[in-house]
Amino acid sequence: AARLSGGESRPVSLPLSRIRVIMKSSPEVSSINQDALFLTAKATELFVQYLASYSYKHGRGKEKNALTYSDLSHTAEECETFQFLADILPKKILASKYLKMLEKEKRDGQVGEDDEEDEEEEDEDE
């Protein structure tokens, strides 16, 4: 069992009751064995520790002696192992940049639609 800094012994630091609620939210799960609950909690804890340490070692936060959100999102984008987290940990962008991206996509989409309509009209003329 892992020792916490307070000297008390707890096998996992994540709350088992919350993990049970998350596991039961799946429609396929009817009951949860205590061993399965413990192993899921421990595996989650170890995964979060690994993600944090990897992100810290390979991120810019090391310079500031801190782990930042951008370190985590960079890891999710760049490391193949963590790419499944890219949607959950997107890179932060300014709202102004996001609005510009939306405008550009809207313009590009309209141009693409206009091109398709022109092609359809040419086909009808032939």
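Bear in mind that the values here come from a model prediction, so they are computed numbers and not experimental data. (Residues numbered from 1 in each chain as written. Predicted model: local features only at pLDDT ≥ 70, side-chain atom pairs only at ≥ 80, totals over all residues. Heavy atoms only, no water.)

A. Examining the packing of helix α1 (residues 16-24) against helix α2 (residues 34-58) more closely. Close contact between α1 and α2 brings their axes to 10 Å; oriented N to C, the two are set at 105°. If you check the angle between α1 and α2, you find them roughly perpendicular. Residues L16, I19, R20 and M23 of α1 form the contact with α2, whose participating residues are Q34, L37, T40 and A41. (Axes fitted to C-alpha atoms, helices over the stretch in contact; angles between N-to-C directions. Helix = DSSP H or I, 4+ residues; strand = E, 2+ residues; numbered from the N terminus. Parallel < 35°, antiparallel > 145°, perpendicular 65-115°, else oblique. Contact = heavy atoms within 4.5 Å.)

B. Broad picture of the confidence of the model for the protein. Of the residues in the protein, 78% have a pLDDT of 70 or more, and the chain-wide mean is 80. Under a pLDDT of 50 for its full length, residues 1-7 has, in the predicted model, 8 contacts with residues more than four places off or in other chains. Long-range and interchain partners of residues 118-126, a stretch whose pLDDT sits below 50, account for 0 contacts in this model, where long-range means more than four residues apart. (pLDDT = per-residue confidence, 0-100.)

C. Fine view of α2. Helix length check: α2 (25 residues) gives 36 Å between terminal C-alpha atoms against 36 Å at 1.5 Å per residue, within 8%. Burial in α2 covers these residues: L37, A41, E45, L51 and S55. By the N-cap criterion, in which a side-chain oxygen at the helix start approaches the backbone nitrogen of a residue two or three places on, α2 is capped by N33, the distance to D35 being 2.7 Å. (Expected span 1.5 Å × (residues − 1). Buried < 20%, exposed > 50% of the residue type's maximum accessible area, 1.4 Å probe, protein only. Polar contact = N/O pair within 3.5 Å; in protein donor to acceptor, adjacent residues only side chain to side chain.)

D. Expanded view of the packing of aromatic side chains. On inspection of all chains with the given rule, the structure shows 5 aromatic pairs. Measuring from ring centre to ring centre gives 6.2 Å for Y50 and Y54, while their planes differ by 45°; the resulting arrangement is tilted. One end of the pair is Y50 and the other is Y54, both in helix α2 and 4 residues apart, which spans about a single turn. Relative accessible area serves as the criterion here: at 45%, Y50 is assigned to the partly exposed category. Residue classification places Y54 among the partly exposed residues on the basis of a relative accessible area of 22%. Seen from their ring centres, Y50 and F82 are 5.6 Å apart, and the 35° between their planes marks the pair as tilted. Linking Y50 in helix α2 with F82 in the loop between α4 (69-78) and α5 (95-125), this pair joins segments that are 32 residues apart in sequence. These aromatic residues form a ring-pair network of at least three members: F47, Y50, Y54, F82 and F84. A cation over a ring is seen here: K92 above Y69, with NZ or CZ 5.1 Å from the ring centre. (Phe/Tyr/Trp six-rings, centres within 6.5 Å; stacked < 30°, edge-to-face > 60°. Lys NZ or Arg CZ within 6 Å of the ring centre and 35° of its normal.)

E. Spatial organisation of the environment of M23. Along the polypeptide, M23 turns up in helix α1. Spatially, the C-alpha atoms of M23 and L37 are 8.4 Å apart, while their sequence positions differ by 14 residues. Those residues in contact with M23, other than ones at most four positions away along the chain, are V29, I32, L37 and T40.

F. Quick peek at the nonpolar core. If you look at the biggest cluster of nonpolar residues, it comprises 7 residues: L51, L72, A76, C79, F82, L85 and L89. Apart from the residues within four sequence positions on either side, C79 is in contact with Y54 and H74. Formed by 5 residues, the second largest nonpolar core is a distinct cluster that contains I19, I32, L37 and A41. (Core = buried A, V, L, I, M, F, W, Y, C linked by side-chain atoms within 4.5 Å.)

G. Layout of the pattern of salt bridges. Taken as a whole, this structure holds 2 salt bridges when the rule is applied. Measuring nitrogen to oxygen at the nearest pair gives 3.7 Å for the salt bridge that ties D108 to K104. With a gap of 4 residues between them, D108 and K104 both fall in helix α5, about one helical turn apart. Assessed through its relative accessible area of 45%, D108 is described here as partly exposed. (Salt bridge = Lys/Arg side-chain N within 4 Å of Asp/Glu carboxyl O.)

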